[in-house]
Each structure stands twice: as C-alpha cells, then as structure tokens.
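Working through the structure, step by step
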Amino acid sequence: MTQTSQRPLRVLAAMSGGVDSAVAAARAAEAGHDVTGVHLALSANPQSFRTGARGCCTIEDSRDARRAADVIGIPFYVWDLAERFREDVVEDFVAEYEAGRTPNPCLRCNEKIKFAALLDKALALGFDAVCTGHYATVVVREDGSRELHRASDMAKDQSYVLGVLDEKQLAHAMFPLGDTLTTKDEIRAEAERRGLAVAKKPDSHDICFIADGDTQGFLASRLGKAEGDIVDESGARIGTHEGAYGFTIGQRKGLRIGHPAPDGKPRYVLDISPVNNTVTVGPAEALDVTGLTAIKPRWCGTAPSGPGTYTAQLRAHGGETPVTAWLEDGELRVTFAEPVRGVAPGQAIVLYDGTRVVGSATIATTTRRAAVSA
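Residues numbered from 1 in each chain as written. Predicted model: local features only at pLDDT ≥ 70, side-chain atom pairs only at ≥ 80, totals over all residues. Heavy atoms only, no water.

**Points about the packing of aromatic side chains**
Two numbers describe a pair of aromatic rings. These are the distance of the centres and the angle of the planes. Heads up, the condition is: Aromatic contacts are taken between Phe, Tyr and Trp rings whose centres are within 6.5 Å, Trp giving its six-membered ring; a plane angle under 30 degrees counts as stacked, one over 60 as edge-to-face, and the others as tilted. The secondary structure listing takes helices from DSSP runs of H or I that are at least 4 residues long and strands from runs of E that are at least 2 residues long, numbered from the N terminus. The cut-offs for exposure are 20% and 50% of the maximum accessible area for each residue type, with area from a 1.4 Å probe on protein chains only; residues under the lower value are buried, those over the upper are exposed, and the others partly exposed. Ring-over charges, as used throughout, are those where CZ of Arg or NZ of Lys falls within 6 Å of the ring centre and within 35 degrees of the ring normal.
Scanning the entire structure with this criterion turns up six aromatic pairs. When the ring of phenylalanine 85 is compared with that of phenylalanine 209, the centres are 5.9 Å apart and the planes differ by 75°; the resulting orientation is edge-to-face. Residue phenylalanine 85 is located in helix α3 (residues 82–98), and its partner phenylalanine 209 is located in the loop between α6 (184–193) and α7 (215–223); the two are separated by 124 residues in the primary sequence. The same class applies to phenylalanine 85 as to phenylalanine 209, namely buried. Ring geometry for phenylalanine 115 versus phenylalanine 175: centroids 6.0 Å apart, planes at 65°, classification edge-to-face. Of this pair, phenylalanine 115 sits in helix α4 (residues 105–124) while phenylalanine 175 sits in the loop between β8 (173–174) and α6, placing them 60 residues apart in sequence. Put simply, the rings of Phe85, Phe93, Tyr97, Phe209 and Phe218 pair up and form one aromatic cluster. A cation sits over an aromatic face here: lysine 121 above tryptophan 79, 4.3 Å from the ring centre. Over the ring of tyrosine 352 we find arginine 150; its NZ or CZ atom is 3.7 Å from the centre of that ring.

Shown next, in the form of structure tokens:
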C-alpha cells in the first residue's frame, strides 16, 4: 500500500481558525497543491457561540482563519452552512437526547457538514479534494481503492469521528497531519515557524454550539423542564429529576438521590426511558454490556461479508476492545470478548482491523449481563 498520491490537486482546505487546520492547509500548499481556504460559518448568530478561542464557530475564529490563509498565500472564503448545521447537527443533538440517547455531534458534523455538504459543493466547483486538520491517514491500495487508517501518533488519532466516511468521500479526503509523529507542541512550533498567529491558540473543547459548556442547561432551554422519577432496579422511587434528557448511561455524579444505596456503594444511571420520563439507577456491575445492536452502518470500503473479529472503539477518547461483529438484516451485531461499561444508545461504535477503520454504526440497543435493558 502507498500513501495518497502527491499529484498536484485542486484542494479546498477547511480552516476552522485553529492551529491544526492552518498547518494542514500550509502543508498542502507546500506540497504543490492548488489550495483554497474556506471557513464554515455554522451559526446564524456567531456572537452567541463560545469565545476565547475555544470553539470553531466564532467571529474571531473566522478572522484567525483568514489571517492564516493570508500568511500561507492562498485565496480564502467564508461559506454559510448555518442552516445545514442547525438541521443536521444541532437539531439532531437535541432530538437524540430527547429520545434518551447519547449523540456525538462532532461525528455528525464530519458526516453531514464537512464531508457531505462541504465536499459536494467543493466537487461541484471543480475541486479534487477537501483537506482538514484531522489526525488520520488515507491509504491508497494497489487497485486504487482507499482505506482510512489511524494516525501514526495514537495519542492524537481522530479516526473515530471520521468512521462515518464512505469510500467515495475518502477518495476526496486529505489529512496532511495524519502521518506526523510529532507532539502537539511540535505542531505549534511548526505553525510559529510558518508565521501563523494561531500557533499559541488553545485547542477547542466541549461542544462548539453550547456557548457556556452547560449541556444540561442548553437542553433545558430547548426541551423545557419535565420532572420525573429516579427509580432503582426494583422500580422503587428514590428521587426526582427535572428532565431525563439531562442524564447519560453510566453517569454517577449529579443524581441528587437523597439517601445511599442499602450496600453503601455508588449508584449509576442504568437506563433512561423517555416514554415515562424515568431514570433507572443501580450498581456499577449492572452496567456490564456483553453485546449490542447498531443501526445505520457506514463502511469505509466494502462491507464485511460475514462474522469477523475486530477491535471496537466506543467513544472519541476511549480505548479499543476485542469484538466479534457481523451484519444481520441490515444491522450490525456485536459481541464483546469481555464486558464493557458506559455503552449508551446513540453513541457510535467504530470497528477496526488493525489500524484500518472498517466502518461505523449507531448503537441502538445493548445486552447486559444483569437483567437491565437499555
């Protein structure tokens, strides 16, 4: 296998205003590609998004991206994708929590915005590829097909949130930072050598469209307060809440239960039922998941033809766990070699074969060792 061809391409570089995307654009230009920078305006009112260089949707971010493009010496534009972002990411985020599931908005943004809306527009305008600052690697096989692999530096790998990309999208994706065996400090040093003012800019954190980082408050403003019961595994009422959407599977803190469990051990959220607005809590061992069913699978190449042994990643910064996975009636069925915890409907499961990303699907149901359904 060889790395992506270095034939000069017309490249559209998505520039968030951060250091990674700026260095990625600079490397693409230095490699001889015809690069144009674009910043995505994802909010109809960017002043309401977070400030202090912690997000990717602020006015200051667009200005930082423009200054970086000027230094690199490439054309720069701002594209308004606020309506698409609201519909495909923000409203999806709220609806998923309302349904008792735990979504990943960054993954959805990559799927629907950066590698669907943006890529479609780029191809229509005659560009060959979209370049981003993600840490992942596209590998071209001898037959011309493309594979998505983890970044060379596992500590910075972001392939989990790119697992939704299909082979067509991979054919037009460029990740110049993916094969970099350097620390983030060295990326910042490179940005400084290149004269990019974003060299010392803090990384983005949390969810860009929640201005103060208060997810529960954001959801309450959209969904309203809805008092319900917190119950134990037997169904006995042990507390109340102001909205089941404010909880996630595996949550321990913030339960506001008035009295301890009979055994004195901590209790965790085991189940969220939007139908009766009930949150079920119980002991940590009741969180042990032995298998799951996932829907809407997306494959980074050919879909698996039968049961296979893989590793799976269940959250953006989580580790890998061995699994057996197969397709059945269009759904992904997975069994874990050892029970895992903190698995919630709505999350993405991404399968790997070594460093290769096989594909991604959205968790619909889990099977637990204890008799608690999810």
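Back to the text.
**Examining the pattern of salt bridges**
So the rule is basically this: Salt-bridge detection follows one rule: a side-chain nitrogen of Lys or Arg within 4 Å of a carboxyl oxygen of Asp or Glu.
Taken as a whole, this structure holds 27 salt bridges when the rule is applied. Notably, a salt bridge pairs glutamate 96 with arginine 101, separated by 2.9 Å at the nearest N-O pair. Classification of arginine 101 by relative accessible area gives partly exposed; the value is 31%. Here glutamate 331 and arginine 333 are joined by a salt bridge, their closest N and O atoms 3.2 Å apart. With relative accessibility at 27%, the residue glutamate 331 sits in the partly exposed group. Where salt bridges share partners, they join Asp92, Arg108, Glu111, Asp166 and Arg298 into one cluster.

**Quick look at the side chain of threonine 36**
Cut-off, in case you're wondering: Throughout, a residue-residue contact means that at least one pair of heavy atoms, one from each residue, lies within 4.5 Å.
Note on placement: threonine 36 falls in strand β3 (residues 34–41). The class of threonine 36 is buried, set by a relative accessible area of 9%. Ignoring sequence-local partners within four residues, the contact set of threonine 36 consists of Val11, Leu12, Ala13, Ile74, Pro75, Tyr77 and Phe127.

**Regarding the confidence of the model for the protein chain**
Definition in use: As a per-residue measure, pLDDT tells how confident the predictor is, with possible values from 0 to 100.
Averaged over every residue, the pLDDT of the protein chain is 88; the share at 70 or more is 92%. Summarising per-element confidence for the protein chain, the mean pLDDT is lowest in strand β1 (residues 2–3) (44) and highest in strand β2 (residues 10–14) (97). In the predicted structure, residues 1–5 sits below a pLDDT of 50 and forms 13 contacts with residues beyond four places in sequence or in another chain. Predicted confidence is poor over residues 48–55, with pLDDT under 50, and the contacts of this stretch with residues over four places away or in other chains come to 31 contacts.

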